[in-house]
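# Examining the three-dimensional arrangement
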Amino acid sequence: MGKSLLATYGLWALGGPLGLYHIYLERDSHALLWMLTLGGFGMGWVWDFWKIPGHVYKYNRQEKKNSEVKEGEPPSSTIRFIGQVATGVYFGIVSAIGLSFLSSFYMVVLPLAVGLGVHLVATVGEQTSDLKNTLIAAFLTSPIFYGRAVSIFPISLTATITSQQHRRYRLHQQKQEKLSLRLYRIGLVYLAFTGPLAYSALLNTSRTVSYVAGSIGSMLEWLSIFPSVSALVERLLLLPYRVWAMFSGGGVFRDQYFKEWEKIYEFVATFQNEKEELACKVLGIDSKSTMDDITRKYRELVKIWHPDHNRHRLEEAQESFLEIQAAYETLVHLRRSKAL
C-alpha cells in the first residue's frame, strides 16, 4: 500500500522529533535515531521538510519493485560522516552519564555505545555497514585513550571511518513486518538507551552534572585549536539557556533540580570568559576594547611577528604569529555571539 505525502507531512509536524513519519514510511533505523537524538538534535527534523517528498517517492517506487536491489558501493556523504561522528560522541556521553560507575566502562561499555551510535547512522535509509568491523575499530581505539574524557571523539572518528569503508546497500525484505512488532523492537532499544540516563539524571543529579561539565570542558579545550568550530559548539550549547532566558525574562531556574543543571551553562559561560581573558592578554588589550581597537592591535602585532620579517628567529615568530591569529579569531567569534 502506497504512502501519502500529506499524511507524512502531518506526522512530521505532529511528532517530527520522535520520528513518527519515519515509522510511517517504514524507516525504522531513521525513526530510532530521531527518537534518541530528538530529531537529529533538531536540525535533522527541520532538514527533513525538504527531504520528505523524496522519501515518499522512494518508498512507493520500491513497493512496486520490491525485488530490485542496488549493487556496488553507495556514494560517500559528508553529512552522513558528520552525523556518525556526532552521534557516536553523543552515545558515548550518554553512556558515561548513566554507566560510568561500571568497572569495565572504558574498555567495554564506552566503545560499545559509541560503535552502536555510529552504526545506527550507517543504517539510515537504503544503506548499511558492517557492525562487527565498526565495533572492532571502536574497541581497538579505546585502550589508547583509556580513562580520558576526550577519548569519546577519537573512538567515534575511528569507528566512523571504518563504517564508511564497509558501507553497502541494504537488502530489501520481501515480507513486511507488522507495525506492532516494529514498535516493540524500537521501544526496547529506546528503553535500554534512556533507562540508565534517566536514573542517573534524576537520582544522582550532582554527579551527573559534574561529569557532563567535565566532558564538555575537555571537548571545548580540544576544539580550542579550531576557534571557529569551538565558538560554534559553545553557541549551540548556550542556545537552550538563552532561549529560556528570552521567554522567562532572566533565565533563572527556581526549582532546585533545574538549578543543578544550570551549572552546565554557567560552566560554558565561564569557559568563554577564560578564553576571552587569555586572548586579550595575547593581544595586549583590555577586555573592554572595541572591535576597532582589537583589529588595530591585531594588525600591528601581525606586522611585527610575521615570519617573513623575522628570519633570524623564525620558529619563535611562527609560534607567536599563529597565537595572535587564534586570539583574534577567538575575540571576533565571542563578540559576534554576544551581539546575537
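Residues numbered from 1 in each chain as written. Predicted model: local features only at pLDDT ≥ 70, side-chain atom pairs only at ≥ 80, totals over all residues. Heavy atoms only, no water.

When helices and strands are tallied, the protein shows 14 helices and 2 strands. Sorting the 340 residues of the protein into buried and exposed places 40% on the buried side. Taking contacts inside the protein between residues at least 6 apart in sequence as the whole, the part at least 24 apart equals 70%. Here the protein has roughly 19,600 Å² of accessible surface; of this, 63% comes from carbon and sulfur atoms. (Helix = DSSP H or I, 4+ residues; strand = E, 2+ residues; numbered from the N terminus. Buried < 20%, exposed > 50% of the residue type's maximum accessible area, 1.4 Å probe, protein only. Contact = heavy atoms within 4.5 Å. Areas by Shrake-Rupley, 256 points an atom, 1.4 Å probe, with all protein chains shown as cover.)

So, on to empty space enclosed by the protein. The full count for this structure, using the stated rule, is 1 cavity of 30 Å³ or more. Approximately 50 Å³ is the volume found for the largest cavity. As for the largest cavity, its lining consists of Pro75, Ser76, Ser77, Arg80, Gln84, Ala122, Gln127, Thr128, Ser129, Ser163, Gln164 and Arg167. Elements that contribute at least two residues to the lining of the largest cavity include exactly helix 5 (78-99), strand 1 (127-128) and helix 8 (152-165). (1 Å grid on protein atoms, 1.4 Å probe; cavity = no way out; pocket = protein on both sides within 12 Å on 5 of 7 lines; lining within 4 Å. Points joined across faces, edges and corners; volume = space filled by probe spheres on them.)

Here we take up helix 7 (residues 131-141). Along helix 7, the residues classified as buried are Thr134, Leu135, Ala137, Ala138 and Thr141. For helix 7, the angular spread of the buried residues around the axis is 155°, confining them to a single face. With respect to the buried face of helix 7, the exposed residues turned more than 90 degrees away are Lys132 and Leu140. Residues of helix 7 that are buried in the fold lie against helix 6 (105-122) and helix 8. For helix 7, the capping residue at the N-terminal end is Asp130, with a side-chain oxygen 3.0 Å from the backbone nitrogen of Lys132. (Arc of directions from axis to C-beta. Polar contact = N/O pair within 3.5 Å; in protein donor to acceptor, adjacent residues only side chain to side chain.)

The subject of this paragraph is the nonpolar core. The biggest cluster of nonpolar side chains holds 19 residues, and the ones touching the most others in it are Leu33, Leu36 and Leu120. The set of elements that each furnish at least two residues to this core consists of helix 2 (20-24), helix 3 (28-41), helix 4 (43-64), helix 5, helix 6 and helix 9 (179-203). When neighbours within four sequence positions are excluded, Leu120 is seen to be in contact with Ser29, Leu32, Leu33, Leu36 and Phe91. Counting residues in hydrophobic clusters, the runner-up holds 16 residues, among them Leu283, Phe321, Ala327 and Leu331. (Core = buried A, V, L, I, M, F, W, Y, C linked by side-chain atoms within 4.5 Å.)

Taken as a whole and assessed by the stated rule, the structure comprises 4 salt bridges. Arg167 serves as the salt-bridge partner of Glu73, at 3.1 Å between the closest nitrogen and oxygen. Within this pair, whereas Glu73 is found in the loop between helix 4 and helix 5, its partner Arg167 is found in the loop between helix 8 and strand 2 (168-169), the two being separated by 94 residues in sequence. Given a relative accessible area of 53%, Glu73 falls into the exposed group. For Asp308, the salt bridge identified is with Arg311, shortest N-O distance 3.4 Å. (Salt bridge = Lys/Arg side-chain N within 4 Å of Asp/Glu carboxyl O.)

Further remarks concern the packing of aromatic side chains. For the coordinates displayed, the defined rule picks out 11 aromatic pairs. Taken together, the aromatic side chains of Tyr9, Trp12, Trp45, Trp47, Phe49 and Trp50 make up a single cluster linked through ring pairs. One cation-aromatic arrangement involves Lys3 over Tyr24; the distance from NZ or CZ to the ring centre is 4.7 Å. (Phe/Tyr/Trp six-rings, centres within 6.5 Å; stacked < 30°, edge-to-face > 60°. Lys NZ or Arg CZ within 6 Å of the ring centre and 35° of its normal.)

What follows is about a negative patch on the surface. A cluster of acidic residues, Glu315, Glu316, Glu319 and Glu323, forms a negative patch on the protein surface. Checked against the element boundaries, Glu323 lands in helix 14 (residues 314-339). (Patch = residues over 30% accessible without salt bridge, like charges linked within 9 Å, V, L, I, M, F, W, Y side chains within 5 Å. Lys, Arg positive; Asp, Glu negative; His and termini not counted. Charge placed at Lys NZ, Arg CZ, Asp CG, Glu CD.)

Here helix 13 (residues 291-305) spans 21 Å end to end across 15 residues, near enough to the 21 Å set by a 1.5 Å rise per residue. Looking at helix 13, one finds that the buried residues are Ile294, Thr295, Tyr298, Leu301, Val302 and Trp305. Projected down its long axis, helix 13 carries its buried residues within an arc of 135°, all on one side. Residues of helix 13 that are exposed and point more than 90 degrees away from the buried face comprise Asp292, Arg299 and Lys303. (Expected span 1.5 Å × (residues − 1).)

Here we take up the UniProt feature "transmembrane region" (unreviewed entry) in the protein. The sites that carry the UniProt feature "transmembrane region" (unreviewed entry) are, in the present numbering, residues 6-24, 31-50, 81-99, 106-124, 144-162 and 183-203. Counting secondary structure, residues 31-50 comes out at 95% helix and 0% strand; the distance between its end C-alpha atoms is 17 Å. Measuring from the first to the last C-alpha atom of residues 81-99 gives 26 Å, for a span that is 100% helix and 0% strand. (UniProt positions renumbered as here; feature names shortened; annotations may be inferred.)

Residue position: Thr37 is located in helix 3. For Thr37, a relative accessible area of 4% puts it in the buried group. Separated by 2.7 Å, the side chain of Thr37 and the backbone oxygen of Leu33 make a polar contact. With residues near it in sequence (within four places) discarded, Thr37 still touches Gly42 and Tyr90.

This part takes up the side chain of Thr8. Relative to the helices and strands, Thr8 resides in helix 1 (residues 5-15). Of the polar contacts made by the side chain of Thr8, one reaches the backbone oxygen of Ser4; its length is 2.7 Å. Aside from chain neighbours lying at most four places away, what touches Thr8 is Tyr21, Tyr24, Leu25, Ile52 and Val56.

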